[in-house]
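One letter stands for each residue in the lines below.
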Amino acid sequence: MSSNIIKVQQEDFDISGLNALIRDDSGSHGAIVTFTGIVREMASGPGLLAMELEHYPGMTEKSLEKIATQARERWELGAIVIVHRVGKLSLNDNIVFVGVASPHRVAGFAAAQFIMDYLKRDAPFWKKEITEHGESWVAAKDTDLKRADSWDE
């Protein structure tokens, strides 16, 4: 049986170690697709000092597990790994890792994109940007909401 590894944590993650968790020794999965999100400057301009991410413990992990289950209902997948950081993060720090194993690349790419799109819409995370001019909570982007909604069409 294929496994889901879901973690919400403050500490950084090792991308190569997470990639190894996805690899299937059975030889039945020929594709591993991963995505790593990092803290970047804001679209509105430079000046970001840090980002603070909060979540709803317990509910967040259940939400991520549900997203992984939904991906499995759409595609034949091996291991799924989702790791999301919380706490105060600086520029270029890792925020999120999504990785999937699948028999073929097309399913792997689609599943990873689906997981990220649903995570951005459905997972209870809140982001606060800390800039040279103060702090502000970040609202969900319409484009992120539309991307997730597009899977339902």
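Parameters and conventions
- Along each chain, numbering runs from 1 in the same order as the chain's sequence is written.
- Owing to the predicted nature of the model, reporting of local features is limited to residues with pLDDT of at least 70; listing and counting of side-chain atom pairs is limited to 80 or more, with chain, interface and lining totals taken over all residues.
- Each side-chain value is worked out from all heavy atoms of the structure, with water and hydrogens disregarded.
- The residues that make up patches have over 30% relative accessible area and no salt bridge, and they are joined within 9 Å when like-charged or within 5 Å when they are Val, Leu, Ile, Met, Phe, Trp or Tyr.
- Using a 1.4 Å probe, the Shrake-Rupley method yields the accessible areas, and only the shown protein chains count as cover for residues.
- Salt bridge criterion: a side-chain nitrogen from Lys or Arg within 4 Å of a carboxyl oxygen from Asp or Glu.
- Going along the chain from the N terminus, every DSSP run of H or I of four or more residues is numbered as a helix, and every run of E of two or more is numbered as a strand.
- Strand pairing is defined by DSSP finding a minimum of two bridges between the two strands.
- A fitted line through C-alpha atoms represents every axis, and for helices the fit uses only the stretch in contact; the resulting angles, taken between N-to-C directions, go from 0 to 180 degrees.
- Stacked, tilted and edge-to-face pairs are distinguished by plane angle, under 30 degrees for stacked and over 60 for edge-to-face with tilted covering the rest, among Phe, Tyr and Trp rings (Trp via its six-membered ring) whose centres lie within 6.5 Å.
- Relative accessibility under 20% of the residue-type maximum defines a buried residue, over 50% an exposed one, and the middle range a partly exposed one, all with a 1.4 Å probe and only protein chains included.
- Contacts are residue-level and defined by heavy atoms, with any inter-residue pair within 4.5 Å sufficient.

Below, the discussion takes up a nonpolar patch on the surface. On the surface, Tyr56, Met59, Trp126 and Trp137 cluster together to form a nonpolar patch covering roughly 470 Å² of accessible area. Among the structural elements, Met59 can be located in helix H2 (residues 59-74).

Our next topic: the sheet that holds strand S7 (residues 125-131). Pairing is antiparallel in the open sheet, where four strands are placed in the order S5-S3-S7-S8. Both outer strands of the open sheet, strand S5 (87-89) and strand S8 (134-138), are each paired with one neighbouring strand and no more. Across the sheet, the mean angle separating the axes of adjacent strands is 25 degrees when strand polarity is ignored. Pairing analysis gives seven bridges linking strand S3 (residues 48-55) to S7, with the strands arranged antiparallel. Counterpart to Glu52 in the pairing with S7 is Lys128.

For the rest of this paragraph, the subject is the packing of aromatic side chains. Under the definition given, this model contains five aromatic pairs. Consider the rings of Trp75 and Phe114, whose centres lie 5.4 Å apart with planes at 70 degrees: the pair is edge-to-face. Highlighted residues: Trp75 in the loop between H2 and strand S4 (80-85) and Phe114 in helix H3 (residues 105-122), separated in sequence by 39 residues. A relative accessible area of 16% means that Trp75 is categorised as buried. On the basis of relative accessibility, which here comes to 1%, the residue Phe114 falls in the buried class.

Our next topic: the sheet that holds strand S1 (residues 4-9). Across the sheet, four strands lie side by side as S1-S4-S6-S2; this open sheet has mixed pairing. With partners counted over all chains shown, the strands left at the sheet margins are S1 and strand S2 (31-38), one partner each. Adjacent strand axes in the sheet meet at a mean angle of 5 degrees, parallel and antiparallel pairs treated alike. Across six bridges, the pairing between S1 and S4 is parallel. Looking at the pairing, Lys7 lines up with Val83 of S4. Across the sheet, helix H1 (residues 15-22) touches S1, S2, S4 and strand S6 (94-102), and the angle it forms with S6 is around 25 degrees. The strands that H2 touches are S1 and S4; relative to S1, the one it contacts most, it runs at about 150 degrees.

A few words on the environment of Lys88. Position of Lys88 relative to the elements: it lies in strand S5. The exposure class assigned to Lys88 is exposed, which follows from its relative accessible area of 59%. With 29 residues separating them in the primary sequence, Lys88 and Met59 have C-alpha atoms 20 Å apart. If we ignore the near neighbours within four places in the chain, the residues touching Lys88 are Ala50, Met51, Glu52 and Ile130.

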